[in-house]
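Observations on chain architecture
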Amino acid sequence: MIEDKNQTRTSLSELGEFGLINHLTQNFKIQNNSTIKGVGDDAAVLDLKEKQVLITTDLLIEGVHFDLSYMPLKHLGYKAVMVNLSDVYAMNGNATQITVSIAVSNRFPLEALEELYEGIHLACKTYNIDLIGGDTTSSTKGLLISVTAIGEIEKEDIVYRNTAKQNDLLVVTGDLGASYLGLQVLEREKQVFEVNPNSQPDLTDYNYLIERQLKPEARKDIVKLLKDLDVKPTSMIDISDGLSSEILHICTQSKVGCNLYEEKLPLDPQVIATCEEFELNSTTIALSGGEDYELLFTISQEDFPKIKANPHLTVIGHITHESEGVNLVTRANQQIQLTAQGWNSLTKKD
């Protein structure tokens, strides 16, 4: 469901595939020395010299990953880039290039795709990223977006998921649960709108939540912060599917256990208030909400003094022996086995 306020609608068939690519990418300028050739030839040319190359891809599908009844196309373009940059930063790397491929149905005019690419362009400009290629094709079922991000890193700086050690501290950036609650607010207002199209929602009390859902930011700043603090995480992952799922990924792949403390979970006041309004458990939302795009990492205990006063970082637990399992320690000091209940696109019903 798209509300198209443009007076002009230019059919994509008027431009053709290559004309469309040229039109959408004409304002993208090269920003990285490693980009020798970007859009405009058979392949991009990169010169990464002695550094290691990081590559990650995500696919976003209308009706599965986003709903255009409340997701503006400009925000969608921005978010599609963030989803991928977050994975590069989760390796402790520096993102430098992206490719963007889209499949689009004939209900989208050129002006709609211009909005989408405005968001992509803003993300590239803000995060110093080069768009170096991609593909466009037709779709019979709405809009699909595939973004591949490329990054670079010195070999000794790479951080994997499978290298957490017993007694390490578990640290998270930012706060948790806001994006999921933003989605719940938008879904609620969509249902109200469907019943009464003349209703005008007042979303003032939910600004932070909605921004976290529609325009998330990848935590490039944390990679620089940790380097400035002389802290190299022992393992790291980004929080896309929910905190509990990501902790289990680290613990399973590192063959360790973990104690996560409920009282340490960082929650924004708007999250707490909205959980009360929706009669939801804030701990459950923090654990399983997903799409926070914060970074979850472990550090050795000797690095704790370097991070303890930083407002961007919160120690939420510690790594234990594998035999102890992965547990949530409640405020009542009870241990509950942690289970993965975050986002799973494969459970989406038609």
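One structure accompanies this document, and this report is about it. Remember, predicted model here, so these are calculated numbers, not experimental data.

Attention now goes to the sheet that holds strand 3 (residues 52–61). With respect to topology, four strands assemble into an open sheet ordered 3-6-4-5, the strand pairing being mixed. Either end of the sheet is taken by a strand with one partner, and the two such strands are strand 3 and strand 5 (130–138). Averaged over all pairs of adjacent strands, the angle between strand axes in this sheet comes to 15°, irrespective of strand direction. Where helix 2 (residues 73–89) meets the sheet, it contacts strand 3, strand 4 (94–104) and strand 6 (143–153), and its direction lies at approximately 35° from that of strand 6. Contacts from helix 3 (residues 110–127) reach strand 4, strand 5 and strand 6 within the one sheet, and its direction differs from that of strand 4 by about 170°.

Moving on, we come to the sheet that holds strand 10 (residues 295–299). Strand order in the open sheet formed by seven strands is 8-10-7-11-9-12-13, and the pairing between neighbours is mixed. Edge positions in the open sheet fall to strand 8 (235–238) and strand 13 (335–337), since each of these has one partner strand only. Going from strand to strand, the sheet's axes swing by 25° on average, the running direction of each strand aside. Inspection of the sheet shows strand 8 paired to strand 10 by four bridges, in the antiparallel sense. Directly across from Ser 235, in strand 10, lies its bridge partner Thr 298.

We now examine helix 3. Taking 1.5 Å per residue as the helical rise, helix 3 with its 18 residues ought to reach 26 Å, and the 26 Å between its terminal C-alpha atoms agrees with that figure. Looking one or two residues beyond helix 3, the residue adopting positive phi is Asn 128, at roughly 60°.

The next point concerns the nonpolar core. Judged by nonpolar contacts, the single largest core of 55 residues is most densely connected at Leu 76, Leu 85, Ile 98, Val 100, Tyr 117, Ile 120 and Ile 145. Excluding anything up to four places from it in sequence, Val 100 contacts Tyr 117, Ile 120, Leu 131, Gly 133, Gly 134, Asp 135, Ile 145, Ser 146 and Val 147. Core analysis: the second largest hydrophobic core is formed by 23 residues, Leu 170, Val 172, Val 256 and Leu 338 among them.

In this model, Asn 128 sits at a positive phi of 60°, which is unusual for a non-glycine residue. Structurally, the position occupied by Asn 128 is in the loop between helix 3 and strand 5. Exposure remark for Asn 128: the relative accessible area of 30% places this residue in the partly exposed category. Here the phi dihedral of Glu 279 falls at roughly 55°; this positive angle occurs in a residue that is not glycine. Its place among the elements puts Glu 279 in the loop between helix 8 (269–278) and helix 9 (282–288). Classification of Glu 279 as exposed rests on a relative accessible area of 72%.

Taken as a whole, helix 8 has its buried residues at Gln 270, Val 271, Thr 274 and Cys 275. Axial view of helix 8: buried residues confined to an arc of 135°, hence all on one face. Along helix 8, the residues that are exposed and aim more than 90 degrees away from the buried face are Pro 269 and Glu 276. One or two steps after helix 8, the chain reaches Glu 279, where phi turns positive at roughly 55°.

Where helix 4 (residues 178–195) contacts helix 5 (residues 207–214), the axes come no closer than 7 Å and their chain directions differ by 100°. Between helix 4 and helix 5, the angle falls in the class roughly perpendicular. Residues Ala 178, Ser 179, Leu 181, Gly 182, Leu 183, Val 185 and Leu 186 of helix 4 touch helix 5, and the partners they reach there are Tyr 208, Leu 209, Ile 210, Arg 212, Gln 213 and Leu 214. Of the residues assigned to the contact of helix 4 with helix 5, the class counts are nine nonpolar, three polar and one charged.

The next thing to look at is the packing of aromatic side chains. Per the stated rule, a full pass over the model turns up one aromatic pair. Between Tyr 89 and Tyr 127, the aromatic rings sit 6.5 Å apart at their centres with planes inclined by 25°, giving stacked as the arrangement. You can see Tyr 89 sitting in helix 2 and its partner Tyr 127 sitting in helix 3, a full 38 residues away along the chain. Of the two residues, Tyr 89 and Tyr 127, both sit in the buried class. Between Lys 215 and the ring centre of Tyr 78, over which it is positioned, the NZ or CZ distance is 4.3 Å.

About the criteria used
Residues numbered from 1 in each chain as written. Predicted model: local features only at pLDDT ≥ 70, side-chain atom pairs only at ≥ 80, totals over all residues. Heavy atoms only, no water. Pairing = 2+ DSSP bridges. Helix = DSSP H or I, 4+ residues; strand = E, 2+ residues; numbered from the N terminus. Axes fitted to C-alpha atoms, helices over the stretch in contact; angles between N-to-C directions. Contact = heavy atoms within 4.5 Å. Expected span 1.5 Å × (residues − 1). Core = buried A, V, L, I, M, F, W, Y, C linked by side-chain atoms within 4.5 Å. Buried < 20%, exposed > 50% of the residue type's maximum accessible area, 1.4 Å probe, protein only. Arc of directions from axis to C-beta. Parallel < 35°, antiparallel > 145°, perpendicular 65-115°, else oblique. Nonpolar A, V, L, I, M, F, W, Y, C, P; charged D, E, K, R; others polar. Phe/Tyr/Trp six-rings, centres within 6.5 Å; stacked < 30°, edge-to-face > 60°. Lys NZ or Arg CZ within 6 Å of the ring centre and 35° of its normal.

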